[in-house]
Amino acid sequence: MKAAYANCVWHIKEHANSVYLTFDDGPHPSITPFVLEQLKRYNAKATFFCIGKNVMAYPEVYQQILDAGHSVGNHTQNHLNGWKTRNIEYYKNIRTASRYIHSRLFRPPYGRITHAQSMGVSRLFPNTRIIMWDVLSGDFDITLSPEACLQNVIQATKSGSIIVFHD
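Remember, predicted model here, so these are calculated numbers, not experimental data.

All right, on to the packing of helix 1 (residues 31-41) against helix 3 (residues 59-67) then. At their nearest, the axes of helix 1 and helix 3 sit 10 Å apart, and the two run at 15° to each other. Regarding the angle of helix 1 to helix 3, the classification is roughly parallel. Every pair of crossing elements has a handedness; the one defined by helix 1 and helix 3 is left-handed. Only Val61, Gln64 and Ile65 of helix 3 make contact with helix 1, whose side of the interface consists of Thr32, Pro33 and Leu36.

Structure (structure tokens):
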């Protein structure tokens, strides 16, 4: 998969002894502030891949992310699954979200993006980096206990890992 999507970032090797925390699907009015508190408590920074409609609904929470010095990325306007969406509709949805999310980072919802879409994103949104991951926490799975989620992350994480959580 990584070879077919070589224009996507799956892991960051430049900084030894670093891992990259990312949070998808927000902002959320109660969860995001909790996440922000925990990050502040441990003096950690993260990247929040936000959904445009959520930024529109909760602009004050989005601003809290920015004010705390975290990075943001585009996660489409409506959390579209690229495998089930026509390319032109997908690109328009990204463009709509970019009106509210000013970032050169993009993450496809569910990690589902076709090869043609990944090439189109690179062409239509110059200097945009498609950020994937190498560690999926599993926090979206309601059958997974918090302890099992933690073990997923601990066991799979290595220096340079990009870890996906959800807010």
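Moving on from the model shown.
Position of glutamate 37 among the secondary structure elements: in helix 1. Between the alpha carbons of glutamate 37 and asparagine 17 there is a distance of 23 Å; along the sequence they are 20 residues apart.

A few words now on the packing of aromatic side chains. The full count for this structure, using the stated rule, is 3 aromatic pairs. Both rings, one in phenylalanine 23 and one in phenylalanine 165, keep their centres 5.5 Å apart while their planes meet at 25°; by these two values the pair is stacked. Here the residue phenylalanine 23 occupies a position in strand 2 (residues 20-24), and phenylalanine 165 occupies one in strand 8 (residues 162-166), the gap between them amounting to 142 residues. Across this residue pair, the class does not change: phenylalanine 23 and phenylalanine 165 are buried. Ring centres 6.2 Å apart and planes at 85° place the aromatic pair tyrosine 90 and phenylalanine 106 in the edge-to-face group. Placement of the pair is tyrosine 90 in helix 4 (residues 87-98) and phenylalanine 106 in strand 5 (residues 105-106), with a sequence separation of 16 residues. In this structure an aromatic cluster arises from ring pairing among Phe23, Phe48 and Phe165.

On to the layout of surface pockets, then. Of the volumes computed, that of the largest pocket is approximately 450 Å³. Phe23, Asp139, Cys149, Leu150 and Phe165 are the residues nearest the centre of the largest pocket, which is lined by 15 residues in total. Breaking the lining of the largest pocket down by element, the ones donating at least two residues are strand 2, helix 1, helix 6 (146-156) and strand 8. Here the lining of the largest pocket is built from residues that sort into 12 nonpolar, 2 polar and 1 charged. Lining the second largest pocket are 15 residues; nearest its centre among them are Ile12, Tyr20, Thr22, Thr47 and Leu105. Looking at the lining of the second largest pocket, the elements that each hand over two or more residues are strand 2, strand 3 (47-50) and strand 6 (129-131). The element best represented in the lining of the second largest pocket is strand 2, accounting for 3 residues. Its residues placed into classes, the lining of the second largest pocket shows 10 nonpolar, 3 polar and 2 charged.

A few words on the pairing of strand 2. Pairing between strand 2 and strand 8: 5 bridges, direction parallel. Looking at the pairing, tyrosine 20 lines up with isoleucine 162 of strand 8. The pairing of strand 2 with strand 3 spans 3 bridges and is classified as parallel. In the strand pairing of strand 3, threonine 22 is matched with threonine 47. Once you follow strand 2 into helix 1 and on to strand 3, the crossover reads as right-handed.

Conventions and cut-offs
- Residues numbered from 1 in each chain as written.
- Predicted model: local features only at pLDDT ≥ 70, side-chain atom pairs only at ≥ 80, totals over all residues.
- Heavy atoms only, no water.
- Axes fitted to C-alpha atoms, helices over the stretch in contact; angles between N-to-C directions.
- Helix = DSSP H or I, 4+ residues; strand = E, 2+ residues; numbered from the N terminus.
- Parallel < 35°, antiparallel > 145°, perpendicular 65-115°, else oblique.
- Left-handed = near helix turned anticlockwise from the far one by under 90°.
- Contact = heavy atoms within 4.5 Å.
- Phe/Tyr/Trp six-rings, centres within 6.5 Å; stacked < 30°, edge-to-face > 60°.
- Buried < 20%, exposed > 50% of the residue type's maximum accessible area, 1.4 Å probe, protein only.
- 1 Å grid on protein atoms, 1.4 Å probe; cavity = no way out; pocket = protein on both sides within 12 Å on 5 of 7 lines; lining within 4 Å.
- Points joined across faces, edges and corners; volume = space filled by probe spheres on them.
- Nonpolar A, V, L, I, M, F, W, Y, C, P; charged D, E, K, R; others polar.
- Pairing = 2+ DSSP bridges.
- Right-handed = clockwise from strand over helix to strand, strands pointing away.

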